[in-house]
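Read off the chains here:
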Amino acid sequence: ADFYSPTIGASSPETCLACPASSSSPPSSAAAAACVCSPGFYGAAGDQCLACPLGSYCPGGSAISVCPALVPESPPGSSSISDCHPEADSSPNATSRAEDPTTTPLTTDAAEEEEDRRAVDVLYS
């Protein structure tokens, strides 16, 4: 794991090449494309893996998800929605999207739409 060899039938470790940093591959991988980013990182298979940015979580591979609007904070390198922390809220009945099992994590497109809706609400309130 964490290596690949483009040499068919290779039996020597010298023919193995390392996957990019923060990625891994299954045993007997034959191409860099088999290397996928580890949780907390994102990027194209076989390419450079970048740390998940602030306000997002990355379960691994090329996936990057923005924290839900009501829980927008997560430290860089987060790998799960549970890393998204709710903003301080003084209302006693506040429930975050992360605590509500009926909600779905927002993808980048859905998060942008949610942000646009909030901007419109601010303009017209």
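Residues numbered from 1 in each chain as written. Predicted model: local features only at pLDDT ≥ 70, side-chain atom pairs only at ≥ 80, totals over all residues. Heavy atoms only, no water.

Some remarks on the overall build of the protein chain
Counting its secondary structure elements, the protein chain contains one helix and eight strands. Of the regular secondary structure in the protein chain, the N- to C-terminal order runs β-β-β-β-β-β-β-β-α. The buried share among the 125 residues of the protein chain stands at 23%. Counted over contacts in the protein chain with a minimum sequence separation of 6, partners at least 24 positions apart contribute 24%. (Helix = DSSP H or I, 4+ residues; strand = E, 2+ residues; numbered from the N terminus. Buried < 20%, exposed > 50% of the residue type's maximum accessible area, 1.4 Å probe, protein only. Contact = heavy atoms within 4.5 Å.)

Details of the state of the cysteines
All chains considered together, the criterion is met by four disulfides. Disulfide pairing is shown between C19 and C35; the S-S distance is 2.0 Å. Note on the C19 and C35 pair: the S-S dihedral is about -70°, so by sign convention the disulfide is left-handed. Residue C19 is found in the loop between β2 (17-18) and β3 (23-24), and its partner C35 is found in the loop between β3 and β4 (36-37); the two are separated by 16 residues along the sequence. Given a relative accessible area of 10%, C19 falls into the buried group. Residue C35 is classed as buried on the basis of its relative accessible area, which comes to 2%. Look at the protein chain and number its bonded cysteines as they come in the sequence; the links are 1-2, 3-4, 5-6, 7-8. (Disulfide = S-S within 2.5 Å.)

Section: unusual backbone geometry
A positive phi angle is found at S22, which is not glycine, with a value near 65°. Residue position: S22 is located in the loop between β2 and β3. In this structure S22 comes out as partly exposed when scored by relative accessible area, which is 29%.

What about the environment of V36?
The topology assignment puts V36 in strand β4. For V36, a relative accessible area of 37% puts it in the partly exposed group. Between the C-alpha atoms of V36 and S23, which are 13 residues apart in sequence, the distance is 5.1 Å. Ignoring any residue separated from it by four or fewer positions in sequence, one finds V36 in contact with S22, S23, S24, A45 and G61.

Topic: the side chain of S25
On the secondary structure map, S25 appears in the loop between β3 and β4. Classification of S25 by relative accessible area gives buried; the value is 6%. A polar side-chain atom of S25 sits 3.3 Å from the main-chain amide nitrogen of D2. Side-chain polar atoms of S25 contact the backbone oxygen of F3, separated by 2.7 Å. (Polar contact = N/O pair within 3.5 Å; in protein donor to acceptor, adjacent residues only side chain to side chain.)

Thoughts on the confidence of the model for the protein chain
Summing up the model confidence of the protein chain, the mean pLDDT is 75 and the portion of residues at 70 or higher is 65%. Within the model, the stretch residues 119-125 combines pLDDT values under 50 with zero contacts to residues more than four positions away or in other chains. (pLDDT = per-residue confidence, 0-100.)

Details of the pairing of strand β7 (residues 56-60)
Burial within β7 is extensive, with four of its five residues counted as buried. Between β7 and strand β8 (residues 63-66), which follow one another and run antiparallel, lie two residues, and G61 among them has a positive phi close to 70°. (Pairing = 2+ DSSP bridges.)

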